[in-house]
Amino acid sequence: MNNKEQKHLSIKMLALVVLLGMTLSPFQKAMAQTEKKNSAAVLNHIAVYVADLKVATDFYKHVFDLEIIPEPFHDGRHTWFSIGPAGHLHIISGAKAAAVHDKNEHLCFSVASIDEFIAKLKAMKIDFENWAGEKQAVTNRADRVKQIYFKDPDGHWLEVNDDHK
């Protein structure tokens, strides 16, 4: 290929690139319009209202090995825990007495080993049950996740499972 033919080929290639760029630009804009403009809300914290802050703080700290993090109020009514990427758990004192809570309204924590967690509960003398209410029993979900349920000192239901998703 001589020099003139190479120059002509280069001009054709440049024209093709420009043409493709003009063609793809409207396509890219159309695709961008189908994308979400706003990102979904992200969970920041869960608040649990308790009667005795020290009892509840000790419970969540020791049962779940949660890390206490600074809270801005410094009024003796709040304990904040980190619960990983999900955000924070805020324990707030002021509840008058332990209330009756429905099991359907519960917090759920996942652990690496449900058997090791059950051994920890037994050592701490904390009773647990399966979803049906059978004492010291484990629910085996259809997706093979094992789960147990128990209450915190204020009667709030807690689930622990071994879901690793």
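Residues numbered from 1 in each chain as written. Predicted model: local features only at pLDDT ≥ 70, side-chain atom pairs only at ≥ 80, totals over all residues. Heavy atoms only, no water.

A. Seen up close, the overall build of the protein chain. The helix and strand inventory of the protein chain stands at 3 helices and 8 strands. Counting from the amino terminus, the protein chain carries its helices and strands in the arrangement α-β-α-β-β-β-β-α-β-β-β. Split into buried and exposed, the 165 residues of the protein chain put 31% on the buried side. Within the protein chain, contacts between residues at least 6 apart in sequence are counted, and of these 53% link residues at least 24 apart. Summing over all exposed atoms, the protein chain offers an accessible surface of approximately 11,500 Å²; the carbon and sulfur share of this is 58%. (Helix = DSSP H or I, 4+ residues; strand = E, 2+ residues; numbered from the N terminus. Buried < 20%, exposed > 50% of the residue type's maximum accessible area, 1.4 Å probe, protein only. Contact = heavy atoms within 4.5 Å. Areas by Shrake-Rupley, 256 points an atom, 1.4 Å probe, with all protein chains shown as cover.)

B. How the structure looks around the pairing of strand β5 (residues 106–110). Along β5, the buried face is formed by L107 and F109; none of H106, C108 and S110, which line the opposite face, is buried. As paired elements, β5 and strand β8 (residues 157–161) share 5 bridges and run parallel to each other. Residue L107 lies in a different strand from β8, and its bridge partner there is L158. (Pairing = 2+ DSSP bridges.)

C. Structural context of the sheet that holds strand β4 (residues 88–93). Taken together, 4 strands build an open sheet; the order of strands is β1-β4-β3-β2 and the sheet is mixed. The sheet terminates laterally at β1 (45–50) and β2 (67–69), the two strands that pair on one side only. Each adjacent strand pair in this sheet contributes to an overall mean axis angle of 30°, direction not counted. Inspection of the sheet shows β2 paired to strand β3 (residues 78–82) by 3 bridges, in the antiparallel sense. Bridging from a neighbouring strand, E67 pairs with S82 of β3. (Axes fitted to C-alpha atoms, helices over the stretch in contact; angles between N-to-C directions.)

D. Fine view of the sheet that holds strand β6 (residues 139–140). A sheet is described by the order of its strands in space; here 4 strands give the open sequence β5-β8-β7-β6, paired in mixed fashion. Each edge of the open sheet is held by one strand with a lone partner, namely β5 and β6. Alignment of β6 against strand β7 (residues 146–151), held across 2 bridges, turns out to be antiparallel. Considered in β7, the bridge of T139 is made with Q147.

E. Quick peek at the side chain of H78. Looking at the element boundaries, H78 is found in strand β3. Taking the relative accessible area as the measure of exposure, H78 reaches 14% and is therefore buried. Reaching out from H78, the side chain makes a polar contact with the side chain of D75 at a distance of 2.9 Å. Those residues in contact with H78 that sit more than four places away from it in its chain are L53, E71, F73, I91 and I92. (Polar contact = N/O pair within 3.5 Å; in protein donor to acceptor, adjacent residues only side chain to side chain.)

F. Examining helix α2 (residues 53–64) more closely. An ideal rise of 1.5 Å per residue puts 16 Å on 12 residues; α2 measures up with 16 Å between its terminal C-alpha atoms. Turning to α2, its buried residues number three or more, namely L53, A56, T57, F59, Y60, V63 and F64. End-on, the buried residues of α2 take up no more than an arc of 160°, which puts them together on one face. Count one or two residues on from α2 and you reach D65, which has phi positive near 55°. (Expected span 1.5 Å × (residues − 1). Arc of directions from axis to C-beta.)

G. Structural view of the nonpolar core. If you look at the biggest cluster of nonpolar residues, it comprises 25 residues, and the most contacted ones within it are Y60, F64, L89, I91, F117 and F150. Looking at this core element by element, the count peaks at 6 residues for α2. When residues no more than four places from it in sequence are discounted, the contact partners of Y60 are V48, D65, L66, F81, L89, I91, L107, D152 and L158. (Core = buried A, V, L, I, M, F, W, Y, C linked by side-chain atoms within 4.5 Å.)

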